[in-house]
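Reading the structure
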Amino acid sequence: MRDAVNGRRGNAGQRGKDQRWYMEQYKSDECLCGRPKARRYAFCFRCYASLPRDMQRALWRRFGQGYEEAYDAAAVYLGSL
Ligand SMILES: [Zn+2]
């Protein structure tokens, strides 16, 4: 887990995470919940499957075009933030 809330990067409005954080999480093989996940998926299958439909769909947005917000919303829903 990384905590980048230093204001060092000047990346406004991302609530402490920058785009690279999401990209790394996206490409990693570990879900927020600690279970393994497939690379290039936001969450493991179990987390993903427990999300409401509209949240699942939102996660297919592109980076910088809503993905980050969708990820955060899903993470809050899953109780991991
Ligand atoms: Zn998970």
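Treat the numbers as computed from the prediction; the structure is a model and nothing was measured. (Residues numbered from 1 in each chain as written. Predicted model: local features only at pLDDT ≥ 70, side-chain atom pairs only at ≥ 80, totals over all residues.)

**What about the overall build of the protein chain?**
Regarding its fold elements, the protein chain presents four helices and zero strands. Each helix (α) and strand (β) of the protein chain, taken in turn from the N terminus, gives the series α-α-α-α. For the protein chain, the proportion of its 81 residues judged to be buried stands at 14%. Considering only intrachain contacts with a sequence separation of at least 6, the fraction spanning at least 24 residues in the protein chain is 31%. (Helix = DSSP H or I, 4+ residues; strand = E, 2+ residues; numbered from the N terminus. Buried ≥ 20, exposed ≤ 12 C-beta atoms within 10 Å, placed from the backbone. Contact = placed C-beta atoms within 7 Å.)

**Looking at the environment of Leu-59**
With respect to the helices and strands, the residue Leu-59 is situated in the loop between helix H3 (53-58) and helix H4 (67-78). Under the C-beta neighbour-count criterion, Leu-59 is labelled partly exposed, with 18 such atoms within 10 Å. Sequence separation between Leu-59 and Ala-74 is 15 residues; the distance between their C-alpha atoms is 8.4 Å.

**Brief notes about the confidence of the model for the protein chain**
On average, residues of the protein chain score 85 in pLDDT, and 78% of them reach the 70 mark or higher. When mean pLDDT is compared element by element in the protein chain, H3 scores highest at 97, while helix H1 (residues 19-27) scores lowest at 94. Taken together, the stretch residues 4-12 has pLDDT below 50 and engages in eight contacts with residues farther than four places along the chain or on a different chain. (pLDDT = per-residue confidence, 0-100.)

**A word on the nonpolar core**
Core analysis: the largest hydrophobic core is formed by eight residues, namely Cys-31, Leu-32, Ala-42, Phe-43, Cys-47, Ala-70, Tyr-71 and Ala-74. Examining the composition of this core, we find that three residues originate from one element, H4, more than from any other. Those residues in contact with Ala-70, other than ones at most four positions away along the chain, are Met-55, Ala-58, Leu-59 and Arg-61. (Core = buried A, V, L, I, M, F, W, Y, C linked by C-beta atoms within 7 Å.)

**Some words on the environment of Arg-39**
Tracing the backbone through its elements, the reader meets Arg-39 in the loop between H1 and helix H2 (45-50). Taking the number of C-beta atoms within 10 Å as the measure of exposure, Arg-39 has 9 and is therefore exposed. Residues Arg-39 and Tyr-26, 13 residues apart in the sequence, show an inter-C-alpha distance of 6.5 Å. Residues in contact with Arg-39, not counting those within four places in the same chain, are Lys-27 and Asp-29.

**Description of H4**
Taking 1.5 Å per residue as the helical rise, H4 with its twelve residues ought to reach 16 Å, and the 16 Å between its terminal C-alpha atoms agrees with that figure. Within H4, burial applies to Glu-68, Ala-70, Tyr-71 and Ala-74. When H4 is viewed along its axis, its buried side chains cluster within an angular range of 160° and face the same direction. Check the buried side of H4 and you find it contacts H1 and H3. (Expected span 1.5 Å × (residues − 1). Arc of directions from axis to C-beta.)

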